[in-house]
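If you want the building blocks of each chain, they are given just below.
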Amino acid sequence: MTRARLDPITTEILWTRLVSIIDEASATLWRTSFSTLVREANDYAIILTDLEGRSLAQSSASIPSFIGTLPRTVRHFLRLFPLSSLKPGDVLTTNDPWLATGHIHDINICMPVFHRGKPVALVAACSHVPDIGGRVRGAGNRDIFEEGIQIPPLYLMREGRRDEAVVAFIEKNVRVPEQTMGDVWAQVSAAHMMAGRLAGFLGETGIDLDELGAEIRGRSEAATRAAIRAIPNGTYRAEWQIDVFGEPITLKAAVKVGDEDIAIDYSGSSPQVPRSVNVVPNYTFAYTAFGLKCMLSPEVPNNDGSFLPITTWAPEGSILNPRYPAASGARNAVGQCLPGLVMDALSAVAPEKVSAAGCLSCSFAMTGEHRGRRFAVMNFINGGQGAGNGRAGLDTVSFPSNVGNTPLEVMEALAPIRLVRRQRRPGSGGAGAHRGGEGALMEFEMIGESPAVIAFIVSRILTPAPGLGGGAAGKPSRLSINGRAAPAGEHHVIQKGDRIQIETAGGGGYGRPGR
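Residues numbered from 1 in each chain as written. Predicted model: local features only at pLDDT ≥ 70, side-chain atom pairs only at ≥ 80, totals over all residues. Heavy atoms only, no water.

## Section: the domain arrangement of the chain
Formally: Each domain's extent was defined by an automatic or database domain assignment. For this analysis, residues touch if any pair of their heavy atoms sits within 4.5 Å. Throughout, buried area stands for the accessible area (probe radius 1.4 Å) lost by two parts on being put together, summed over both. Throughout this description, the term salt bridge denotes a Lys or Arg side-chain nitrogen within 4 Å of a carboxyl oxygen of Asp or Glu. We define a polar contact as two N or O atoms separated by no more than 3.5 Å, with the added condition that, inside protein, one atom must be a possible hydrogen donor and the other a possible acceptor, whereas residues neighbouring each other in sequence contribute only through side-chain atom pairs. Just so you know the grouping, Ala, Val, Leu, Ile, Met, Phe, Trp, Tyr, Cys and Pro go in nonpolar, Asp, Glu, Lys and Arg go in charged, and all remaining residues, Gly too, go in polar.
As assigned here, the chain comprises domain 1 (8-221) and domain 2 (355-515). Each partner contributes to the interface: domain 1 provides 23 residues, whereas domain 2 provides 27 residues. Between domain 1 and domain 2, a total of about 1800 Å² is buried, with carbon and sulfur atoms accounting for 61% of that surface. At the junction of domain 1 with domain 2, the criterion picks out zero salt bridges. One can count five residue pairs in polar contact (both at pLDDT 80 or more) joining domain 1 with domain 2. Its residues placed into classes, the side of domain 1 that touches domain 2 shows nine nonpolar, seven polar and seven charged.

Spelled out as structure tokens, the structure:
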């Protein structure tokens, strides 16, 4: 099929079919996974890239950070394992934060796709696994060695055969190996399923995938650059104070808007810290680009073309570009602030496109033994979304991520806890012409006979989500154990009868009340 035949209608049909293939593979991953982090929380993604690692399309339900990091991970794989060395059935894997998603709790895979004996594309997937060894995931870990095992880029499978040494090493170092590796094999199953569907698509249509990819990326890039032209040239700044482990963190952004591109400089942000809230460059870019994508061209499906006009930079050694071996397991508590920070900077010149700050996703992880079995669980507790120009913020959602709450019955089945209540937090959203979304309140009791270790990622305890355009801040988060305030940046040993209560922050309001 020639470029002349790739008119807008044909391109849209083929593009939509590619997305459908990937969504079918995504459903395969979801259905064959073992952990609630995939099946209930939606903490996974799968994408298709060309032979240079440039994304063509992604699963519709992808986590925003993964769609920004996975193409970069593929390019790192290709740098270390040249395409000419890869064979059908090869599967590569890593959880290196600097090469992948920013923390070791996400295991990534990559597999080449062959058609008629030649490589035509690469499939990449990742998911947040229930355990990766080390200390329980929370904001208090001080370096990457405390966080768990590091998997350098290596072969998980060679020509369809498992590397048993790699599998055994991972299984030996995690608390729930059947769940952790079960989710990894679900990724592999999804990749194989996508490869088969893609071969059928190419055989039926006769399309040159490189040609279609160039058309998709070109149209997406053009849409993004056109949206940037509508914003006045200039440098726009914002500064936030946030907290995760009881100490303030400063985030500064200088957003330079050019004729058709945007560059974000995070100079002046806090230095890296001996806690797990450091954000590696892949994740810094991913959430910055996602926030701008929401503003500029939200209707265009994500691919590399959408992000070409966007660049980010942060000083090495800073909270947004830490040096190894910095801990980063709770990087979402800082990195998910970046869409709101950038929107704050651009609010004066694009007020109709921005939203006030929200809660960010909060979570707890818990491990121990119960009835003779070791358990390791992690659950998200969502909060209030910031309001926008013309709309109120949504209640109890996970923006800018899109992870879900795990059903109560599932939580109680997997860990020795009894849910006392889970409800909205009335009045927690910030006031304004449009109010911020309300946070959530969750209370549960430890019912196991043996002690358990629990750790939290709860942000905005000291610094609530600010409003925008005269709107008020939302109410801050709160964390307590047995009625007493508990530090979010520490690990806690809990006993039978202990009660934990988490109240997530409300979103900031937009506009002055009464307007």
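## Here's the deal with the sheet that holds strand β9 (residues 248-257)
In plain terms, the rule: Any two strands between which DSSP finds at least two bridges are classified as paired. Helix numbers and strand numbers start at the N terminus; a helix is a DSSP run of H or I with at least 4 residues, a strand a run of E with at least 2. Axes, fitted as lines to C-alpha atoms, cover a helix only where it is in contact. Angles between the N-to-C directions of the axes lie from 0 to 180 degrees.
Judged by pairing direction, the sheet is mixed, and its four strands sit side by side in the order β8-β9-β10-β11 without closing on themselves. Two strands lie at the open edges of the sheet, namely β8 (234-243) and β11 (310-313), each paired on one side alone. For this sheet, the mean angle separating the axes of adjacent strands, direction not counted, is 20 degrees. Taken strand by strand, helix α11 (residues 338-346) contacts β8 and β9, and its axis lies near 135 degrees from that of β8.

## Points about the environment of Trp185
As for its position among the elements, Trp185 is in helix α6 (residues 177-205). A sequence separation of 151 residues divides Trp185 from Phe34, and the C-alpha atoms of the two residues are 9.5 Å apart. Ignoring anything within four residues of it in the chain, the contact list for Trp185 reads Leu156, Met157, Arg162 and Val167.

## Some words on the sheet that holds strand β16 (residues 452-457)
Strand pairing within a sheet occurs via backbone hydrogen bonds; the two strands may be parallel or antiparallel. The four strands are arranged β13-β12-β16-β19 in an open sheet whose pairing can be described as antiparallel. The open sheet is flanked by β13 (373-381) and β19 (491-494), the only strands paired with a single partner. Adjacent strand axes in the sheet meet at a mean angle of 20 degrees when their direction is disregarded. Note: strand β12 (residues 362-370) against β16, six bridges, orientation antiparallel. Its bridge partner being in β16, Gly368 is matched across the sheet by Ala452.

## A short note on the layout of surface pockets
Under the convention used in this document: Method remark: on a 1 Å grid restricted to protein atoms, a set of points is classed as a cavity if a 1.4 Å probe fits but cannot get out and as a pocket if it is open with protein on both sides within 12 Å along at least five of seven lines; lining residues have an atom within 4 Å of a point. Grid points are joined across faces, edges and corners, and a volume is the space filled by probe spheres set on the points.
Of the voids in this model, the largest pocket is the one considered here, and its volume is about 360 Å³. In this structure, the largest pocket is lined by 20 residues; those nearest its centre are Gln58, Ser59, Ser60, Pro301 and Asn302. Of all the elements in the fold, those that place two or more residues in the lining of the largest pocket are α1 (8-32), β2 (55-58), α3 (64-80) and α8 (281-296). Considering each element in turn, the lining of the largest pocket owes the most residues, four residues, to α1. Of the residues belonging to the lining of the largest pocket, the class tally is eleven nonpolar, seven polar and two charged. Of the pockets and cavities examined, the second largest pocket occupies roughly 300 Å³. Lining of the second largest pocket is provided by 16 residues; of these, His370, Phe375, Ala413, Leu414 and Ala415 occupy positions nearest its centre.

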